[in-house]
Structures are given as C-alpha cells and as structure tokens.
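# Per-entry structural report
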Amino acid sequence: MKINGTDLGTVAFFSSKTGTTLPDIDFSTQMVLVSMQDINGLGTEIVSVLEFNSAVVVVIRDDENSVPPPALGFPFHIVSVPREDLPVNFIRVKNIISP
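Residues numbered from 1 in each chain as written. Predicted model: local features only at pLDDT ≥ 70, side-chain atom pairs only at ≥ 80, totals over all residues. Heavy atoms only, no water.

### Some remarks on the overall build of the chain
As a reminder, the rule being used: Only runs of H or I of at least four residues qualify as helices and only runs of E of at least two qualify as strands under DSSP, and these elements are numbered from the N terminus. Contact criterion: two residues are considered in contact whenever any of their non-hydrogen atoms come within 4.5 Å of each other. Surface exposure here means Shrake-Rupley accessible area, sampled with a 1.4 Å probe, where a residue is shielded only by the protein chains that are shown.
A tally of regular secondary structure across the chain gives zero helices and eight strands. For the chain, the sequential pattern of α-helices and β-strands runs β-β-β-β-β-β-β-β. Here the analysis covers contacts within the chain between residues at least 6 apart in sequence; of these, 77% occur between residues at least 24 apart. Of the roughly 6200 Å² of accessible surface on the chain, a fraction of 56% belongs to carbon and sulfur atoms.

Right, here's the structure in full:
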C-alpha cells in the first residue's frame, strides 16, 4: 500500500490491538487518519489510502457480527501518512464475520 510513493508498511500504524503509545506528529508534513467503531464493533482497520487528482480516498474495513462481541470495547485504528492538501473521503466496507 503506497501514498505519494511512500510504502505505508514503513509509516507508523497504531491500533487498539497493539496498546502502543502514540508518537508526536508534525502536522505540517503528516496527517492523521482515524477509524473508530462503537461498543459493539469487533474491529476496524484502515486498509488502503489512495491518492487521486482531486481527493485522498481512505478505505476502511469494519469487522461486524450479529452476535455481540465477547468483550465490549471501542475498536480504533490510527494511521499517520504524508500530508496532502486534498479533500479526504472515507469508504467503509463491512466484513461480516460468521458466528
């Protein structure tokens, strides 16, 4: 996954799963993208950040199930990527997990 030629595998990714402390962000060169779910969410992940001429598109996968999760929480995923002075659009894709 790349944005502006930067491999996002080398960019800081932080998730509710890691328990990692968030670093300082230089907002003049970086922007932060956040995906959150409510208390019944099973997980959320920013899976792709795409740059087009007129906008940045962020694709998010939300894990969902008709059965309540075993433990309540507020899943989130935070990604720091190179700053772009373009509108940011979010596309959420439901990933239904079978019980």
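### Things to note about the pattern of salt bridges
Cut-off, in case you're wondering: Salt bridges are defined by distance alone: a side-chain nitrogen of Lys or Arg within 4 Å of a carboxyl oxygen of Asp or Glu. Burial classes: relative accessible area under 20% of the type maximum marks a residue as buried, over 50% as exposed, and values in between as partly exposed (1.4 Å probe, protein chains only).
Scanning the model with the defined rule gives five salt bridges in all. Among the ionic pairs, Arg 92 bridges to Asp 62, the shortest N-O distance being 2.7 Å. With Arg 92 in strand 8 (residues 88-96) and Asp 62 in strand 6 (residues 56-64), this residue pair connects regions lying 30 residues apart in the sequence. By relative accessible area, Asp 62 is classed as buried at 6%. Within this structure, Glu 45, Arg 61 and Asp 63 form a network of salt bridges that share partners.

### What about the nonpolar core?
Condition: The set of buried Ala, Val, Leu, Ile, Met, Phe, Trp, Tyr and Cys residues whose side-chain atoms join them within 4.5 Å is what this entry labels a nonpolar core.
If you look at the biggest cluster of nonpolar residues, it comprises nine residues: Met 31, Leu 33, Ile 46, Val 49, Val 56, Val 58, Ile 60, Val 79 and Val 81. Sorting the residues of this core by element identifies strand 4 (30-36), strand 5 (43-51), strand 6 and strand 7 (76-82) as the ones contributing at least two each. Here the element with the most residues in this core is strand 6; it accounts for three residues. Not counting residues within four places of it along the chain, the set of residues in contact with Leu 33 comprises Ile 46, Val 49, Val 58, His 77, Ile 78, Val 79, Val 81, Val 88 and Phe 90.

Take it as geometry only, folks, not as evidence of what the structure does.
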